[in-house]
Amino acid sequence: MRKEFLVYGSPAIENAEIEEVLSVMKSGWLGTGPKVARFERDFAQYKGIEHSIALNSCTAALHLSILAAGIGEGDEVITTPLTFCATINAIIHAGATPVLADIDPLTMNISPSEVEVKITPKTKAILPVHFSGRPCDMDALRRIADNHKLKMIEDCAHAIETEYKGRKAGTFGDFGCFSFYVTKNIVTGEGGMVITKSEEDAARIKMLGLHGMSKDAWKRFGDEGYKHYQVVECGYKYNMMDLQAAIGIHQMQRVETYWHRRQAIWQRYHEAFAGLPITLPAPVEQNTRHAYHLYTILIDEQRCGISRDRFLDAMTAQNIGIGVHYLSIPEHPYYQQTFGWQPEGYPHAMRIGRQTVSLPLSAKLSDEDVGDVIEAVRGILL
Ligand SMILES: *Cc1c(COP(=O)(O)O)cnc(C)c1O
C-alpha cells in the first residue's frame, strides 16, 4: 500500500506559473489587468472564437450567460440531473426555473429525446453539460434548439479540449462556459471563462461581471489617467484577478501535453480493469475528442459484492483519494423541497449517481501513482 495519501484531482503546477505569480505580486497590479487580457486572448485563440471573458468561476460564467441570453423570471431552462449543483444554481440565480431531462445511460450525457419531452411554451434554453469531457449529441441538441428557437448555453467545465465532428465544445451554443477550479484540466485556483461569437453579448458579460460599470472600468487606476465610469446595470463582482490569470497563461500552454498524459492514464486504467466486474466508461465516439476529465467506474453491489460507498471507504483506506461525480441532483434536499424532484423521476442519473466512482486522473500523476490506483482497485474487487 502507498505511504502518502494521493489527493484526488491535485493539479500539476510548474515553475513558469510560480514565477509569473511572483512577478504579478512584485508588479503590485494584483487585480484585473494585462494578465487577464492575455489569458482571454490565449483562450479565444485556442477555441478559435472571437470573444472570451475571464471571470472568477464557471458558476459566474453560467449565471451571466443565462442573463445575457435574456432569460429570467418565468422562463425554463432544460439541463441534466447528472451534474454539479452549480449548473442548477446558476439557473436559479438568474431567476429562471431549471427543468431536468434524464441522461443516456451509456454516454451519461443529457438525452436529446428526453429534452424534447420536457419542452413547454416557457422553455427558453437548453444547458447541456459535456459530462466527464465526452461531447453531448450536439447534432440532435442543435436541431432541437433551432426547431424551438431556444438559446443554448454549454457547461464546458469538463470540456476544455472536447471536440465534436471537428468543432470545439463551447462553440455550438450562444455561450460556452469553462472552469479553472483546482480539479479541472487547466487551473487558476478559482476561475472561469465565457466564450461567445457575439460582440454585444461579450460586452454585456464583461460589464455585468464588474458591478455593471461601463466598458474598461478596470483601467481607471492605470497610467493613462483616472477615467470616470458609469454604472449602467446592477452587476456582480465576478472579475478574474491577474494573480489567477498568471497561472492560467502557463497552464494553457500545456493544455495539449496534459491532455496526452491523461489520455495515456485513461488507456492504462482501461486495460488494467478489463476483466473486473465493473462498468468502465463507454468507448470514445467516432469523430469526437474526449477531454478525459473524469475516469468513472460503476460499482454495482449485485455484481461486485461491495457497495459503492464501502468501495469509497476501501480506496481511502488504501490512501487513494477518489471522487463522486455526481449523486444525481434530485438526491439533494433543497431541490426536492423547492421543485418536488425525486431521484426516481430520473432513473438513469439516479442509478449512475449511486454507483459511480471517479478515479484520480490528472497530469500530475506519476506512473507509480497510477500503478497504486490500479493495485488498490484490483485488490478490493478481486
Ligand atoms: C466544476 C463545475 C462547475 C463549476 O465550476 P466553478 O468554476 O467551480 O464555479 C460547473 N459545472 C460543472 C459540470 C462542474 O464540474
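Residues numbered from 1 in each chain as written. Predicted model: local features only at pLDDT ≥ 70, side-chain atom pairs only at ≥ 80, totals over all residues. Heavy atoms only, no water.

### Remarks on the overall build of the protein
Stated precisely, the cut-off is as follows: Each helix corresponds to a stretch of at least 4 residues labelled H or I by DSSP, and each strand to a stretch of at least 2 residues labelled E; elements are numbered beginning at the N terminus. Both definitions apply: the radius of gyration is a C-alpha atom measure, and the globule rule equals 2.2 Å times residues to the power 0.38. The rule is simple: take the accessible area with a 1.4 Å probe, protein chains only, and divide by the maximum for that residue type; under 20% is buried, over 50% is exposed, in between is partly exposed. In this description, accessible areas are obtained by the Shrake-Rupley approach with a 1.4 Å probe, and a residue is regarded as covered only by the protein chains that are shown. This count recognises Lys and Arg as positive and Asp and Glu as negative, with His and chain-terminal groups excluded. Charged side chains are reduced to one point each, which is NZ for Lys, CZ for Arg, CG for Asp and CD for Glu.
Broken down by element type, the protein carries 14 helices and twelve strands. Relative to its length of 382 residues, the protein is compact, with a C-alpha radius of gyration of 21 Å against a globular reference of 21 Å. Once the C-alpha set of the protein is aligned to its principal axes, its extents read approximately 70 × 55 × 40 Å. For the protein, buried positions account for 57% of its 382 residues. Total accessible area on the protein is roughly 16,400 Å²; 52% of this is exposed by carbon and sulfur atoms. Here the protein contributes 39 positive and 46 negative side-chain charges, whose respective centroids are spaced 2 Å apart.

### What about the environment of Glu233?
Using the following cut-off: The contact criterion used throughout is that any non-hydrogen atoms of two residues lie within 4.5 Å.
Relative to the helices and strands, Glu233 is located in the loop between helix H7 (199-208) and helix H8 (242-253). Apart from the residues within four sequence positions on either side, Glu233 is in contact with Arg204, Met207, Leu208, His211 and Gly212.

### A word on the pairing of strand S8 (residues 175-179)
The side chains of a regular strand alternate between both faces of the sheet. Rule in force here: Only strands that DSSP links by at least two bridges are regarded as paired with each other.
Of all five residues that make up S8, five are buried, and the element is covered over most of its length. Residues Phe175, Cys177 and Ser179 point to one face of S8 and Gly176 and Phe178 to the other, with burial holding for every one of them. Here three bridges tie strand S5 (residues 151-155) to S8, and the two strands are oriented parallel to one another. Note on S8: the bridge partner recorded for Glu154 is Gly176. Of the pairings in the sheet, the one linking S8 to strand S9 (residues 192-196) comprises four bridges and is antiparallel in character. Each residue of the ladder has a partner; that of Ser179, found in S9, is Gly192.

### Let's talk about the packing of helix H2 (residues 34-47) against H8
Definition in use: Axis definition: a line fitted to C-alpha atoms, over the contacting stretch in the case of helices. Angles run 0 to 180 degrees between N-to-C directions. These descriptions rest on fixed angle ranges, namely under 35 degrees for roughly parallel, over 145 for roughly antiparallel, 65 to 115 for roughly perpendicular, and the rest for oblique. Each crossing gets its hand from how the near helix is turned against the far one by less than a right angle, where anticlockwise is left-handed and clockwise is right-handed.
Orientation of H2 relative to H8, taken along the N-to-C sense of each, is 30 degrees, at an axis distance of 8 Å. As far as their axial angle goes, H8 and H2 are roughly parallel. Classified by chirality, the crossing of H8 by H2 is left-handed. When H2 is examined against H8, the residues Pro34, Lys35, Val36, Arg38, Phe39, Asp42, Phe43 and Tyr46 are found in contact with a partner set consisting of Asp242, Ala245, Ala246, Gly248, Ile249, Met252 and Gln253.

### Concerning the layout of surface pockets
To be explicit about the condition: Think of a 1 Å grid over just the protein atoms. A cavity is a set of points where a 1.4 Å probe fits yet cannot get out, a pocket is an open set with protein on both sides within 12 Å along at least five of seven lines, and lining residues have an atom within 4 Å of a point. Grid points are joined across faces, edges and corners, and a volume is the space filled by probe spheres set on the points. For this scheme, ten residues count as nonpolar: Ala, Val, Leu, Ile, Met, Phe, Trp, Tyr, Cys and Pro. Four count as charged, namely Asp, Glu, Lys and Arg, and the remainder, Gly too, count as polar.
The computed volume of the largest pocket comes to approximately 650 Å³. What lines the largest pocket is a set of 29 residues, and nearest its centre among them are Glu40, Ile53, Ala202, Lys206 and Asp216. Listing elements by their share of the lining of the largest pocket, those giving two or more residues are H2, strand S1 (51-55) and H7. Here the residues of the lining of the largest pocket are counted per class, giving 14 nonpolar, seven polar and eight charged. Estimates place the volume of the second largest pocket at around 560 Å³. Lining the second largest pocket are 36 residues, with Ser179, Tyr181, Thr183, Lys184 and His293 positioned closest to its centre. When contributions to the lining of the second largest pocket are tallied by element, the ones reaching two or more residues are helix H3 (58-68), helix H4 (85-93) and helix H9 (255-272). Looking at the lining of the second largest pocket element by element, the count peaks at three residues for H3.

### Quick notes on the site of the ligand
Which entries qualify depends on this criterion: Each residue is tested against the molecule or strand, and it is near if at least one of its non-hydrogen atoms lies within 4 Å. Pairs of N or O atoms are called polar contacts if they sit within 3.5 Å, as long as, within protein, a hydrogen donor faces a hydrogen acceptor (for residues adjacent in sequence, only side-chain-to-side-chain pairs). Put plainly, a molecule is in a cavity or pocket when over half of its atoms are within 2 Å of the grid points there.
The immediate surroundings of the ligand are formed by 16 residues, with Thr59, Asp155, His158, Ser179 and Lys184 found nearest. Contact between the ligand and Thr59: an oxygen atom at 2.5 Å from a side-chain N or O atom of the residue. His158 has a polar side-chain atom sitting 2.8 Å from an oxygen atom of the ligand. Relative to its unbound accessible area of 380 Å², the ligand is 94% covered by the protein chains. Here the ligand occupies the second largest pocket. Contributing elements (two or more residues each) for the shell around the ligand: H3 and H4. Considered class by class, the residues forming the shell around the ligand number seven nonpolar, seven polar and two charged.

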